[in-house]
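Here are the chains, one letter per residue:
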Amino acid sequence: MTVVALALGWQLYVAVSGIRPQVLPSPARVLEQGWAHRADIAGHAWSTLQVTLVGFAVSLAVAWALAIVVDFSPWLRRALVPLFVVSQTLPIIAIAPLMIIWFGFGLLPKILVIALATFFPMAIGLIEGFAAADREAGALLRSMGASRRQEFRYVRLPSALPRFFTALRIGITYAVVGAVFAEYVGATSGLGIYMSTQKNSFRTDLVLAAVLVTAVLSLALYLLTYAAERVVAPWALATRSPR
């Protein structure tokens, strides 16, 4: 209802004020022009989705690998976690152009930008989740002769999954934004370069149509994390369900 109310207010303001479409098009015009150019937008959206999924998969794999290493080597926690925090202080708006300069306009710079934008929440979510495991359950397993790996598998890993999926939802939304921004800086296809091209042509309606598609992609990927959580860790959803 809130979105509908905002759209109606926007439409009314454009109709009453007589503002030029190059400055602020109406929602109806954005939808109309977006549909008219749906083939071009869909092609660029597919390119952005591919980059997002590849970059996020790389970030996810690195986050899991480092979080597990940190959990098995406590001294690495003190060494690596501050570096993870420092990685988030690097402004993407400054790093992305450098990635393009260093690695060109291919896939690699986009993957690196997405990894920088998404790695931290997932890695920290896993590290904190492993650390929050039930100590008594771990002690019980060790008293029964379980190895450190068995303790990790049966106690620490299940306890970390709820926090991980929370971090996953944060990361996946950052991934789409990171991909679009990397494309905006320099790319041959994707929603970012499409927005840049249309902005230079004063087609604000098509820029906003691409923004809408970006939001839909982000929302779709966000909702998919719940489906994945339902399959991998159904108990985590059960604990958050309203009584």
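A few points on the structure. (Residues numbered from 1 in each chain as written. Predicted model: local features only at pLDDT ≥ 70, side-chain atom pairs only at ≥ 80, totals over all residues. Heavy atoms only, no water.)

A look at the nonpolar core
Stated precisely, the cut-off is as follows: In this text, buried Ala, Val, Leu, Ile, Met, Phe, Trp, Tyr and Cys residues form a nonpolar core when linked through side-chain atoms within 4.5 Å. Summary of the burial criterion: residues with accessible area below 20% of their type's maximum are buried, those above 50% are exposed, and those between are partly exposed, where the area comes from a 1.4 Å probe applied to protein chains only. Only DSSP runs of H or I reaching four residues or more are called helices, and only runs of E reaching two or more are called strands; each is numbered from the N terminus. Here a residue-residue contact requires only that any non-hydrogen atoms of the pair lie within 4.5 Å.
The biggest cluster of nonpolar side chains holds 42 residues, and the ones touching the most others in it are Phe84 and Leu191. For this core, the elements supplying multiple residues, two or more each, are helix 3 (38-72), helix 4 (74-87), helix 6 (107-131), helix 8 (148-185), helix 9 (191-200) and helix 10 (204-232). When residues of this core are assigned to their parent elements, the largest contribution, 11 residues, is made by helix 8. The residues contacting Phe84, other than those within four sequence positions of it, are Leu66, Phe119, Phe120, Ala123, Ile124 and Ile127. Core analysis: the second largest hydrophobic core is formed by five residues, Ile95, Ala96, Met99 and Val113 among them.

Examining the pattern of salt bridges
What counts, and what does not: Whenever Lys or Arg places a side-chain nitrogen within 4 Å of a carboxyl oxygen from Asp or Glu, that contact is recorded as a salt bridge.
Across all of its chains, the model carries four salt bridges by this definition. Residues Asp205 and Arg29 are paired through a salt bridge, measuring 3.1 Å at the closest nitrogen-oxygen approach. A residue pair is termed long-range when its members are at least 10 positions apart, and Asp205 in helix 10 and Arg29 in helix 2 (residues 27-36) qualify at 176 residues. In this structure Asp205 comes out as buried when scored by relative accessible area, which is 2%. Overall, the relative accessible area of 31% leaves Arg29 in the partly exposed class. The partner of Glu229 in a salt bridge is Arg169, with the nearest N and O atoms 2.9 Å apart. Of this pair, Glu229 sits in helix 10 while Arg169 sits in helix 8, and the two are 60 residues apart along the sequence. Like Arg169, Glu229 is buried. Among the ionic contacts, a cluster of salt bridges with common partners joins Arg29, Arg203 and Asp205.

Details of a nonpolar patch on the surface
Spelled out, the test is: Nonpolar side chains (Val, Leu, Ile, Met, Phe, Trp, Tyr) within 5 Å and like charges within 9 Å form the patches, drawn only from residues with over 30% relative accessible area and no salt bridge. Only the protein chains shown count as covering a residue, and every accessible area follows the Shrake-Rupley method with a 1.4 Å probe.
A contiguous nonpolar surface patch, about 530 Å² in accessible area, is contributed by Leu98, Ile101, Trp102, Phe103 and Leu108. Its location among the elements puts Leu98 in helix 5 (residues 92-103). Judged by relative accessible area, Leu98 falls into the partly exposed class, the value being 32%.

Overview of helix 1 (residues 2-17)
An α-helix turns once every 3.6 residues. As a result, residues three or four positions apart point the same way. As a reminder of what qualifies: Here, expected helix span is obtained from the residue count minus one, scaled by 1.5 Å.
Between its first and last C-alpha atoms helix 1 spans 22 Å; for 16 residues at 1.5 Å apiece the expected length is 22 Å, and the two agree. Two residues or fewer after helix 1 comes Gly18, characterised by a positive phi angle close to 70°.

A word on the environment of Gly106
Assignment of secondary structure puts Gly106 in the loop between helix 5 and helix 6. With 81 residues separating them in the primary sequence, Gly106 and Ala187 have C-alpha atoms 7.5 Å apart.

Honestly, that's just the spatial picture; any functional story needs more than this.
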